Amino acid sequence: MRIALGQLESGADIRANLAAMDRFAAEAARGGAALAAFSEYATYEKKKVDATFPEVA
């Protein structure tokens, strides 16, 4: 199985982060990957951990 590991500069815009992940996963699939894995904060990231993180989790 071919696995792709995605690394992106995430921000607080969840839709934009998911769109970037979707583009990467599609590119990885075209390259033969059956699985694309992303870091735990790929969908939401801020410079400082605050009260918004539990809400998003």
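Each remark here, short or long, concerns the structure printed above.
Enquirer: Report on the overall build of the protein, specifying residues and quantitative values.
Expert: Assigned secondary structure in the protein consists of two helices and two strands. Sequence-ordered secondary structure for the protein, helices as α and strands as β, is β-α-β-α. Referenced to the eigenvectors of the C-alpha coordinate spread, the extents of the protein come out at roughly 40 × 20 × 15 Å. In the protein, the share of contacts with a sequence separation of at least 24, taken over all contacts with a separation of at least 6, comes to 62%. Distance between charge centres in the protein, computed from 7 positive and 8 negative side chains, equals 4 Å.

Enquirer: Break down the side chain of S10 for me, citing the residues and quoting the values.
Expert: Mapped onto the elements, S10 comes out in the loop between β1 (3-6) and α1 (14-30). Among the polar contacts made by the side chain of S10, one reaches the main-chain carbonyl oxygen of A42 at a distance of 2.6 Å. The contacts of S10, once residues within four sequence positions are left out, are N17, Y41, A42, T43 and E45.

Enquirer: Describe α1, listing the residues and the values that go with them.
Expert: For α1, which comprises 17 residues, the first-to-last C-alpha distance of 24 Å matches the rise-based estimate of 24 Å (1.5 Å per residue) to within 8%. Within the sequence span of α1, burial applies to N17, M21 and A28. What you see down the axis of α1 is that its buried residues fit within an arc of 35 degrees, all on one side. Residues of α1 that are exposed and angled more than 90 degrees away from the buried face: R15, D22, R23, E27 and R30. Tucked into the core, α1 has its buried residues touching β1 and β2 (35-38).

Enquirer: Explain the pairing of β2 residue by residue, including any values.
Expert: Every other side chain in a regular strand lies on the same face of the sheet, so the side chains alternate between the two faces. Note: β1 against β2, four bridges, orientation parallel. Note on β2: the bridge partner recorded for L5 is A37. Each parallel crossover has a hand, and for β1 linked through α1 to β2 it is right-handed.

Enquirer: Mind laying out the environment of D50, listing which residues take part and the relevant values?
Expert: Topologically, D50 is positioned in the loop between β2 and α2 (52-56). Judged by its relative accessible area of 28%, D50 is partly exposed. Here the alpha-carbon distance between D50 and A29, two residues 21 residues apart in the chain, equals 35 Å. Reaching out from D50, the side chain makes a polar contact with the side chain of K46 at a distance of 2.6 Å.

Parameters at a glance
- Residues numbered from 1 in each chain as written.
- Predicted model: local features only at pLDDT ≥ 70, side-chain atom pairs only at ≥ 80, totals over all residues.
- Heavy atoms only, no water.
- Helix = DSSP H or I, 4+ residues; strand = E, 2+ residues; numbered from the N terminus.
- Contact = heavy atoms within 4.5 Å.
- Lys, Arg positive; Asp, Glu negative; His and termini not counted.
- Charge placed at Lys NZ, Arg CZ, Asp CG, Glu CD.
- Polar contact = N/O pair within 3.5 Å; in protein donor to acceptor, adjacent residues only side chain to side chain.
- Expected span 1.5 Å × (residues − 1).
- Buried < 20%, exposed > 50% of the residue type's maximum accessible area, 1.4 Å probe, protein only.
- Arc of directions from axis to C-beta.
- Pairing = 2+ DSSP bridges.
- Right-handed = clockwise from strand over helix to strand, strands pointing away.

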